[in-house]
Structure formats: structure tokens, C-alpha cells
Amino acid sequence: MASASSNQALRRAAVELLLQMLLLQTVTCGLAAHVQSATHVQSAAGGVRSPRWFWDSLFSSFPSTSGITDRVSGAFSRNTFDEAVSVLIPRSGVTPLICQTTDDEKFEEGVCMRVADCVISGGTHYGPCAGGLIGSCCVFEKKCDHNSNSYVTHFTNPRYPSPTTGTGECKLIVNPMHDNVCQFRLDFDEFNIVGPDESSDCVTDFLGVTGGTPVPKLCGDLTGQHVYVNVKPASGPIELSMDTATTLVYTRLWNIRVTQIPCGSPNLAPPGCLQFYNSTSGTIRSLNFKDSLPDEGTTYQLQKQNYGACVNSKVDYCELTWTASEQGLGYSFTLNGDAARNTSDFQTFYGPEDCNEDYVTIPGGIYEDENGNPVEADRYCGTKFPTRVRTSSQPYRLYVTTNVAEDFDNRNAGFALNFRHSLC
């Protein structure tokens, strides 16, 4: 006997079918009128229009209100109608619509699609979209040993949203939704597993990502962070492998949102960018950075990190300024050295001679010395960031480098740096 939830889903699908028939009637009437008018345009022009021309002009020909407005909703806007049509009649190669769920404490975003398609594809309904008539804000939640080819996939721990203990190896395979996918973006909506050991290595727990451009081994607290994975079109899936030790009692929690980005999309991150920020100001944190100082003999900083965090250039903005963030309570830049010392003893080091183990690189960086004189330096390390570092070298990059040596390092938290664009 079918469960109550299954019956509810079937009833919802049936209601959707009726609404789709109603909307389809409206679309058909619009199509008939448009074809008649398009025929006149074709005859007047004396040429032959392509099928794509008829399709595109059809979607631009619907009036701001329609028959469905009167029969179903008195406030059915043009944008909502366009969304409803795009959901009712999905167009090949067009990126699906993103929608806000009704349970943002668990999942913030879903994919707007027909209710029946959501059910058939194994998704879960999290509220309406596209005017609420036919669209379902559908979330595809996947767990250990699952696979997905959805535009947006949420990879969660077995008992999510409740935490779980160690599960051993837990894999998700994400297949491209079509042969024209160039990137995957991984958003760590929630991510808290065991952090690095005293040598800054992810040993007890770790996340590995394979199948695309290299992603460093990750662990600890990554909530709010993101990474991009570049792939060649039609090159196959990427694999997320979460490995949490079963021998250590510790509560793990993760919800990784994986979004596929088609080639040519304006949402693509530039090449060489593990992270990408497209705003005029913001904060970039090292992976596993926290707002507190690590315990004695431990570190938050992860070893073997070698990646670029990129900031998009903006029209009419000619310079980028970097400053230490107030996050970290005075420890927002502790890359190497002894962070257990008094903050008044913290020091800044510059250049390749002093900064050759754990450091950040700002191409074209200029800071001011104690006398207020501008000094050029690309590399910065130590336990203190300069008052400000300016650069006009575009594209804007912050390169992060850490090694495996922690011999003279203690309680390093990593970094949290603010960036701010300046007008020309």
C-alpha cells in the first residue's frame, strides 16, 4: 500500500497536470495567434524565418496578462508567466531556474521544475515557484554512494540536518547534466568535520574532490566557503569523497551544494581560480579559518595549499585595497611564527627571502613602511598584515601557499583579509 507521502505527491502531480493543461491551452491560443501574425510578417518580408526565430519571438509575444490570469490568479505578472512557460516547456540547453525554498534553514535553493518531473527525478518538493501554479522548488539531496546529474545537487551527511559520527568513506558521483558543462561550483552551506592534526595535515577526516582541476585535501570548518572545479566538456563526472574516521567520537555535519556551470556562462570563474568573488568589497578567508585562536600546539591552517582566490575586475574601478579583517579577534593574519605571543609582538614579513614557507602573494602589491613610504612587495607572511596593501595589477589575484613544515609555527589560524575596490 502506498505511503501517505506518496499519495500526497501523486495528488500534487495530478493537480499540476490540470494546471498544465490550463496553461497549455493559453499557450496554444497564443501560439495560434502568433503563427497567424508571423505568417503575415513572413509574407511581408518576402523571406523564410528559421524555427528558432518563431520560438524566440513566441516567448516575447505573450501579453502582460492572459486567459490564465483571469481563471487562476488575479496577480499573475509577465515575469511569472514567462517563468511558468519556461518550466512547463523546458528548452534544451537553457539553464534551469533557481528558486528559494520554503525551508531555508535546511536548503536555501532548489531548481524550479514541474512537480511531476521533480517526483519522477527523485527530488523533494520544497515549496512552489514560477507563480506557484505548476512549478516546484525541487531539491535533489544525495547521500553516501549516490550519484546525480542535476543542475544543483546537495551532498549531505547520512542523518542531515542532524549530525552524525564517523561513517568511513562516503562518496558522491556528479555527472554533467549535458556535454557542455565546464565548471562545478561547490558551496559549503554547512561543513564541520575533524580539523587538521598538529602538523596541519587532514588525517582523521578529509574531503577529496577528483575528476577535474586539482582541489587540495580539505577538513575542519568550511561553512560559508566555496571552490570551483574546472572540467573539460563531455569529460565525465566529478567525485566527492568524504572520509570520516569511525574510531573517533565526533559530530560531523555537511551540506555541500554542487552547481553545474555551462561553458560560456557569465557565472564561470576565470581559469586558475579555486575561489572567485564578484563584488566590490568582501572578505576572503583561508580554508578552515575560525574566529578564535587555536589551542596550544595545534593549528587551523591546512598544509599543501597552493591555489588562487580571485576578485573580479569592475568597470570604472582601477585599484584594489587589502586590509586585515576584524574577524579572528586580532589573529586574522597568522600564517607562520608563534601566534601564542602577545599581539603587540606580532610581526610582518615581506618578499621571497623571508616568506618561503607559508605566505600569500598579491601581484603588484604596494604597502607603506613605518615612514609612510610606498614599498613594492608581492609576498606577505608572519603574524601581522600591513595596515593596507594596494594593487592595480589586473586580473586581481590572491595566491595562497602553505607547505608541510610547522617546526617553528604555533597556533596559526590562517588569514581573513578584506578587499575593497576603489574608483578611478
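Preceding this paragraph is the structure being described.
Scoring rules and cut-offs
- Residues numbered from 1 in each chain as written.
- Predicted model: local features only at pLDDT ≥ 70, side-chain atom pairs only at ≥ 80, totals over all residues.
- Heavy atoms only, no water.
- Core = buried A, V, L, I, M, F, W, Y, C linked by side-chain atoms within 4.5 Å.
- Buried < 20%, exposed > 50% of the residue type's maximum accessible area, 1.4 Å probe, protein only.
- Contact = heavy atoms within 4.5 Å.
- Pairing = 2+ DSSP bridges.
- Helix = DSSP H or I, 4+ residues; strand = E, 2+ residues; numbered from the N terminus.
- Axes fitted to C-alpha atoms, helices over the stretch in contact; angles between N-to-C directions.
- Polar contact = N/O pair within 3.5 Å; in protein donor to acceptor, adjacent residues only side chain to side chain.
- Salt bridge = Lys/Arg side-chain N within 4 Å of Asp/Glu carboxyl O.

This paragraph deals with the nonpolar core. In terms of nonpolar packing, the biggest core is built from 51 residues, with Leu186, Ile256 and Trp322 touching the most fellow members. When near neighbours in sequence (up to four residues on either side) are disregarded, Trp322 contacts Ile284, Val311, Ile362, Phe385, Thr387, Arg388, Val389, Thr391, Leu398, Leu417, Asn418 and Phe419. Cys99, Cys129, Ile134 and Cys137 belong to the second-largest nonpolar core, a separate cluster that totals nine residues.

Our focus in this paragraph is the sheet that holds strand S1 (residues 97-100). With antiparallel pairing, four strands are arranged side by side in an open sheet as S1-S2-S4-S3. The sheet is open, and its two edges are formed by S1 and strand S3 (124-129), each paired on a single side. Sheet twist, expressed as the mean angle between neighbouring strand axes with direction ignored, is 50°. Relative to strand S2 (residues 109-114), S1 runs antiparallel, the two being bridged by four bridges. Its bridge partner being in S2, Ile98 is matched across the sheet by Val111.

Looking now at the environment of Leu222. Relative to the helices and strands, Leu222 is located in the loop between strand S10 (205-210) and strand S11 (226-230). Given the relative accessible area of 0%, Leu222 is considered buried. Considered as a pair, Leu222 and Lys290 are 68 residues apart in the sequence and their alpha carbons are 9.1 Å apart. In this structure Leu222 touches Phe188, Phe191, Leu287 and Asn288, once residues within four positions along its chain are discounted.

Here we take up the sheet that holds strand S6 (residues 146-148). With respect to topology, four strands assemble into an open sheet ordered S6-S8-S12-S10, the strand pairing being mixed. Every interior strand has two partners, whereas the edge strands, S6 and S10, have only one. Looking at each pair of strands side by side, their axes are set apart by 15° on average, direction ignored.

Relative to the helices and strands, Asn410 is located in the loop between strand S25 (396-401) and strand S26 (414-423). You can call Asn410 buried: its relative accessible area is 14%. Polar side-chain contacts of Asn410 include one of 3.2 Å to the side chain of Asp338. Apart from residues lying up to four places away in sequence, Asn410 is in contact with Glu296, Gly297, Thr298, Gly337, Asp338, Ala339 and Ala340.

Counted by the stated rule, this structure contains 12 salt bridges. Residues Asp187 and Arg257 are paired through a salt bridge, measuring 3.8 Å at the closest nitrogen-oxygen approach. Taken together, the residues span a long stretch of sequence, with Asp187 in strand S9 (residues 181-192) and Arg257 in strand S13 (residues 253-262) at a distance of 70 residues. The same class applies to Asp187 and to Arg257, which are both buried. Measuring nitrogen to oxygen at the nearest pair gives 3.2 Å for the salt bridge that ties Arg390 to Glu319. Here Arg390, found in strand S24 (residues 389-391), pairs with Glu319, found in strand S17 (residues 317-324); they are 71 residues apart in sequence, far enough to count as distant. Residue Arg390 is classed as partly exposed on the basis of its relative accessible area of 25%. Judged by relative accessible area, which is 24%, Glu319 ranks as partly exposed.

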